[in-house]
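# Structural characterization, general
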Amino acid sequence: MQQRLHISRYERIFLKLGIVILLVWLLALAVDAVAENVNPPTGSQTLDMTQYGIQPGLNQTGPNTYDAYYVARVFSFEPDDLKIPVGSTVTFYVTSADVVHGFFVPYTNINMMAVPGLVNHMTHRFTKKATYLLLCHEYCGIGHQDMFAKIEVQ
Ligand code: CUA
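Residues numbered from 1 in each chain as written. Predicted model: local features only at pLDDT ≥ 70, side-chain atom pairs only at ≥ 80, totals over all residues. Heavy atoms only, no water.

## Regarding the nonpolar core
Counting 24 residues, the largest nonpolar core has Tyr 70, Phe 77, Phe 92, Phe 103, Phe 126, Leu 134 and Ile 151 as the members making the most contacts within it. Of all the secondary structure elements, the ones that give two or more residues to this core are strand S2 (65–73), strand S4 (81–84), strand S5 (89–96), strand S7 (111–114), strand S9 (130–135) and strand S10 (148–153). Sorting elements by how many residues they give to this core places S2 first, with 4 residues. Setting aside residues up to four positions removed in sequence, Phe 103 forms contacts with Tyr 70, Phe 77, Phe 92, Val 94, Ile 110, Asn 111, Met 112, Leu 134, Leu 135 and His 137. (Core = buried A, V, L, I, M, F, W, Y, C linked by side-chain atoms within 4.5 Å. Buried < 20%, exposed > 50% of the residue type's maximum accessible area, 1.4 Å probe, protein only. Helix = DSSP H or I, 4+ residues; strand = E, 2+ residues; numbered from the N terminus. Contact = heavy atoms within 4.5 Å.)

Written out as structure tokens, the structure reads:
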């Protein structure tokens, strides 16, 4: 013999009310997404630095000052081996050609994100001879752990 599950009248009303609220909410979300043209990120937003006459690398701007232009992409940095004289102050300009990467130089204050379509910058003075590691510290794909470069202060 089959037994029907007993649901009290009020419980049934609240169940139906919950379903209606959920449907109204989903409909509002769908209507808003269409009206606002909401889409997942496509990665189509990129910045071609060569378009502005800028090549990745080091540019001297004064007696002890430099601008360093970097492009990050899966899974490398360009330039991958920067050589700078000891005592110089370097402003790092960083962008990405594809996805979001990290730009982190341990034992300095340089800690940025490399974002496609944007240029981030930070300045650091290198006071002692050393080889610094430049690391990507934003997970960017299967080769993330191999994404690093060198900065040699000579
Ligand atoms: Cu690039 Cu992680």
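Still more ground to cover, so stick around.
## Looking at the side chain of His 101
Relative to the elements of secondary structure, His 101 occurs in strand S6 (residues 101–104). Setting aside residues no more than four positions away along its own chain, His 101 makes contact with Ala 72, Arg 73, Val 74, Ser 96, Met 113, Ala 114, Cys 136, Glu 138, Cys 140 and Met 147.

## Let's talk about the pattern of salt bridges
Inspection of every chain in the model, using the stated rule, returns 4 salt bridges. Measuring nitrogen to oxygen at the nearest pair gives 3.6 Å for the salt bridge that ties Lys 83 to Glu 152. Highlighted residues: Lys 83 in strand S4 and Glu 152 in strand S10, separated in sequence by 69 residues. Under the relative-accessibility criterion, Lys 83 is labelled partly exposed at 44%. By relative accessible area, which is 16% here, Glu 152 ends up buried. A salt bridge links Glu 152 to Lys 150; its shortest N-O distance comes to 3.9 Å. (Salt bridge = Lys/Arg side-chain N within 4 Å of Asp/Glu carboxyl O.)

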